[in-house]
Amino acid sequence: MKTITTSIPYTNAKPHIGFAMEVVQADFFARYYRAHGEEVHFQTGTDEHGRKIERSAQKNNMSAQDYVDSLQQNFQGLLKSVNISHNRFVRTTDADHHAMAQALWRACAANGDIVQRHSQAWYDVVEEEYLGSVEEHPDPAVFGVDAANIERVDEINYVFLQSKYTDRLRDLLENDQIKVWPKHRRNEMLQLLEKGLPDVAVSRERSKLSWGIPVPGDENHVMYVWYDALTNYLTGTSTIDDQGIIVPGNAWSTEVLHCIGKGVSRFHLLLWPAMLLSADISLPKEVLIHGYITVGGTKMSKSLGNVIDPVEAAAERGSDALRWYMLKEIPTFDDCDWLPEHVAAVYASDLVNELGNLATRVWSMAQRYSGGVLSVVPGSGHTMTGEILITELAAFHEKIEQRKIHEGIQALQGMVRYANRRIEDMQPWKLAKDSEQLGEVTAFLHEMILLQGVLWRWLAAALPDSAATVATAFGVELSTMTPEVFMGEELITIQLGTDSPMLFPRDVH
RNA sequence: AGCGGGGUAGAGCAGCCUGGUAGCUCGUCUGGCUCAUAACCAGGAGGUCGUUAGUUCAAAUCUAACCCCCGCUACCA
């Protein structure tokens, strides 16, 4: 079994295209492992507590709950528009999440890792946010906030003793017990660990924040949003017994892959494992950290007006086209600039000209020269192509295990080009003029159809809609498409579907 | 400032560990083909591999210094 997760975005803003890329990457892995026949648990969700939401709700004259409910459609709509195949969506306002966060808190507290501590901190009364401790920052000027808005607060808060886990976390990361992709992100964390981890204030006074999960046994305090949010990974995978003890489910006691953005790596590589260690719960196996989509080399921001809306981007050429760009063109771990002309060029070149055109040209020849029904024993006639196919598939799988989705897909793309070259060499349209050679033409087209079947079995992880169209048009069951079948000695009858597969129209509006 | 990543044809990247005629995709130019979504195939043009110095018969590749871009140390997909 495999478990794939995404981070859960804060719902106060519209879904970010970067989050869309994150869910698409996660969805790729979910579909990839399903194609291997593995059972997959794939969860995503939304982070709905905190001061900003509370304040926005007030502005809109709504209760916080009604307000977050009204925001759900944005996120559900996004998942739909990029075709995400998750089987659990965790809202931090869900009752079972509420219970899980409290259960985890109790577990950490029982181990002596959450304690009350008197703290002195700087507080921004306008933004209603803690800026940092007085101890760490004796001069609040470093925060760049108007001094008139800064207040020094003195209060009792709950603190999670993250510092206790500094050494164990260093060991875990150094020994790859939590595998970090790419590696240099791990090094960044090790650097932080060198300085020693601080303890983390994990509660807020209810007077300052009421929209959150209450601290168990203390109605005057509410959990810090990160403590609350990270717990979602257990909510979706585990249960709580009669004693209030967390029972990790199969989905947690397996190979867990967290897909996140680089901005939240500290929380996932330090705080989260520390929380799990404290509660004596097993750790995730891998954390994949993607880069950011930039515009003109800078981050998107509302003030610059350069925000790309993922739902609109998906509507432009269809979800598969957007998914392809995000998976194949954007390097999995790196930042990448978003240029509309480039997006259009990649669509035309990779999808329209190569993948889409290959499907229609083969379909049309098979229809015209072989009457739409092709009964052939693949056998040794497919050996040459089959061996190349085996090599390329191995390269694909290896790259995907290294979490380099873009490089893996490029291996499959190489086979598409190979197919186009083969067709050029064989020139079936010439052979077909001679009725003596029609058998050879059919055998060749049969080979090209099976080849696409094998490729689309894996391309389906990136392009699920198109894969379904291809399967129908060629009348093949993708899950049976293996190199062994491709070169097998059994008769395979292919009956084409009635429609030519128009996967990627050239003209899109 | 410290640490990390990067600087290779117009754009995006690989090659660097394990030195030996500079490679891929897109774009561009020319030719071929006609099954196909004016798609496909072949070939050409285009680079003093950030700078300087060093090691070597030989350096994009190793060493040193320097310059530039980005990231992390504070929320962020």
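The shown structure was predicted, so the numbers you read here are calculated from the model rather than taken from an experiment.

About the cut-offs
Residues take numbers from 1 onward in each chain, read along the sequence in its written order. Ligands are numbered from 1 and chains lettered from A, in the order in which they are written. Two thresholds apply to this predicted model, a pLDDT of at least 70 for residue-level local features and 80 or more for giving and counting side-chain atom pairs, whereas whole-chain, interface and lining totals are computed over all residues. Each side-chain value is derived from all of the structure's non-hydrogen atoms; neither hydrogens nor water enter the calculation. Two strands pair under a simple rule: DSSP has to find at least two bridges between them. Every helix listed is a DSSP run of H or I at least four residues long, and every strand listed is a run of E at least two residues long, numbered separately from the N terminus. Three labels apply to residues, based on accessible area from a 1.4 Å probe with only protein chains included: buried if under 20% of the type maximum, exposed if over 50%, partly exposed otherwise in between. For this analysis, residues touch if any pair of their heavy atoms sits within 4.5 Å. Throughout, the term near means that a residue has one or more heavy atoms lying within 4 Å of the molecule or strand in question. Two N or O atoms form a polar contact when they lie within 3.5 Å of each other; inside protein one atom must be a possible hydrogen donor and the other a possible acceptor, and for residues adjacent in sequence the pair counts only when both atoms belong to side chains. pLDDT expresses how confident the predictor is about each individual residue, on a scale running from 0 to 100. Domain start and end points were adopted from an automatic or database domain assignment. Once two parts are joined, some of their accessible surface, as seen by a 1.4 Å probe, is lost; buried area is that loss totalled over both. Here, a salt bridge means any Lys or Arg side-chain nitrogen found within 4 Å of an Asp or Glu carboxyl oxygen. Expected span, for any helix, means 1.5 Å times one less than how many residues it has. Interaxial angles span 0 to 180 degrees and are taken between N-to-C directions of axes, which are lines fitted to C-alpha atoms, for helices over the stretch in contact. We call two directions roughly parallel when the angle between them is under 35 degrees, roughly antiparallel when it is over 145, roughly perpendicular when it lies between 65 and 115, and oblique otherwise. Each crossing is labelled by how the near helix is turned from the far one, with a counterclockwise turn of less than a right angle marking it left-handed and a clockwise turn marking it right-handed. Under the scheme applied, nonpolar residues are Ala, Val, Leu, Ile, Met, Phe, Trp, Tyr, Cys and Pro; charged residues are Asp, Glu, Lys and Arg; polar residues are all the others, including Gly. Two axes enter the bend calculation: one fitted to the seven residues ending at the residue in question, the other to the seven starting there, and the bend is the angle between them.

A. Region of interest: the sheet that holds strand 9 (residues 203-205). The sheet built from three strands is open, its strands ordered 9-11-10 with antiparallel pairing. Each having just a single partner strand, strand 9 and strand 10 (214-215) make up the two edges of the open sheet. As paired elements, strand 9 and strand 11 (residues 218-223) share three bridges and run antiparallel to each other. Bridge pairing in strand 11 links Ser203 to Met223.

B. Expanded view of the side chain of Arg422. Tracing the chain through its elements places Arg422 in helix 14 (residues 405-426). On the accessibility criterion, Arg422 (15% relative accessible area) is buried. When sequence neighbours within four positions are dropped, the list of residues in contact with Arg422 reads Met384, Thr385, Phe444, Glu447 and Met448.

C. Summary view of the protein's contact with RNA strand B. In the vicinity of RNA strand B there are 44 residues, among which Gln191, Trp226, Lys299, Asn357 and Arg361 approach most closely. Those atoms of RNA strand B that come within 4 Å of the protein belong to sugar or phosphate at a rate of 65%. Separating a sugar or linking oxygen of RNA strand B from a side-chain N or O atom of Gln191 is a distance of 2.3 Å. Arg266 has a polar side-chain atom sitting 3.3 Å from a phosphate oxygen of RNA strand B. Of all elements in the fold, only helix 1 (17-35), helix 6 (183-194), helix 9 (265-279), helix 12 (340-370), helix 14 and helix 15 (428-431) reach the threshold of two or more residues within the surface near RNA strand B.

D. Up close: the confidence of the model for chain A. Across chain A, pLDDT averages 92, with 97% of residues at or above 70. Here the predicted complex scores 0.95 on pTM and 0.92 on ipTM.

E. How the structure looks around the sheet that holds strand 17 (residues 298-299). Here three strands make up an open sheet; going across it, the order is 17-16-18 and the pairing mixed. A strand with exactly one partner marks an edge of an open sheet, and here the two such strands are strand 17 and strand 18 (336-337). Of the pairings in the sheet, the one linking strand 16 (residues 293-295) to strand 18 comprises two bridges and is parallel in character. Residue pairing in the sheet places Thr294 in a bridge with Asp337 of strand 18.

F. Main features of the environment of Arg317. Along the chain, Arg317 falls in helix 10 (residues 310-317). Separated by 188 residues in the primary sequence, Arg317 and Pro505 place their C-alpha atoms 8.6 Å from one another.

G. Just the domain arrangement of chain A, in detail. Each domain of chain A was delimited in the assignment, giving domain 1 (2-290) and domain 2 (340-495). If you average the C-alpha positions of domain 1 and of domain 2, the two centres end up 44 Å apart. Contacts between domain 1 and domain 2 engage 13 residues on the former and 15 residues on the latter. For the pair domain 1 and domain 2, the two sides together bury roughly 1,300 Å², of which 65% comes from carbon and sulfur. Of all residues in domain 1, Phe28, Tyr32 and Ala35 bury the most surface against domain 2, accounting for 43% of the area lost on that side. Put simply, domain 1 and domain 2 have one salt bridge between them. Of the charged contacts, one joins Glu286 and Arg403 as a salt bridge, the two residues approaching to 2.7 Å between their closest N and O atoms.

H. Layout of helix 4 (residues 95-110). Along its 16 residues, helix 4 runs 23 Å from first to last C-alpha, staying within 8% of the 22 Å computed at 1.5 Å per residue. Residues His97, Met100, Ala101, Gln102, Ala103, Leu104, Trp105 and Cys108 constitute the buried set of helix 4. Just past helix 4, the residue Gly112 takes up positive phi, approximately 80°.

I. View of the pattern of salt bridges. Applying the stated criterion to the full structure yields 27 salt bridges. Where Asp94 meets Arg88, a salt bridge forms, and the shortest distance between an N and an O atom there is 3.4 Å. For the salt bridge of Asp113 with Lys164, the shortest nitrogen-to-oxygen distance reads 2.4 Å. Of this pair, Asp113 sits in the loop between helix 4 and strand 4 (114-124) while Lys164 sits in the loop between strand 6 (150-160) and helix 5 (166-174), and the two are 51 residues apart along the sequence. Of the residues examined, Asp113 reaches a relative accessible area of 0% and is grouped as buried.

J. Quick look at the pairing of strand 20 (residues 492-495). Alternating residues of strand 20 divide into Ile492 and Ile494, all buried, and Thr493 and Gln495, none buried. As judged from the four bridges shared by strand 19 (residues 373-376) and strand 20, these two strands associate in the antiparallel manner. Each bridged residue has a counterpart across the sheet, and for Ser375 the counterpart in strand 20 is Thr493.

K. Main features of the packing of helix 5 against helix 6. Running from N to C, helix 5 and helix 6 cross one another at 155°; their axes reach a closest spacing of 10 Å. In terms of their interaxial angle, helix 5 and helix 6 are classed as roughly antiparallel. Both helix 5 and helix 6 take part in a crossing whose hand is left-handed. Two secondary-structure elements touch here, helix 5 through Thr166, Leu169, Arg170, Leu173 and Glu174 and helix 6 through Arg186, Met189, Leu190, Leu193 and Glu194. Residue composition of the contact of helix 5 with helix 6, grouped by class: five nonpolar, one polar and four charged.

L. Inspection of the environment of His446 at higher detail. With respect to the helices, strands and loops of the structure, His446 is situated in helix 16 (residues 438-459). Residue contacts for His446: discarding those within four places in its chain leaves Leu374, Val376, Pro378, His382, Ile492 and Ile494.

M. Fine view of helix 12. Helix geometry: helix 12 is bent most strongly at Asn357, by close to 40°. With its phi angle positive at about 65°, Gly371 sits one or two positions after the end of helix 12.

N. Representation of unusual backbone geometry within the structure. Pro182 follows Trp181 through a cis peptide bond whose omega is -5°. Note on placement: Pro182 falls in the loop between strand 7 (179-181) and helix 6. Positive phi values are uncommon outside glycine, yet Asn61 reaches one of about 55°. In this fold, Asn61 is placed in the loop between helix 2 (51-59) and helix 3 (64-81). Phi is positive for Asn83, close to 65°, though the residue is something other than glycine. Take Asn83: it is sitting in the loop between helix 3 and strand 3 (88-91). Taking the relative accessible area as the measure of exposure, Asn83 reaches 21% and is therefore partly exposed.

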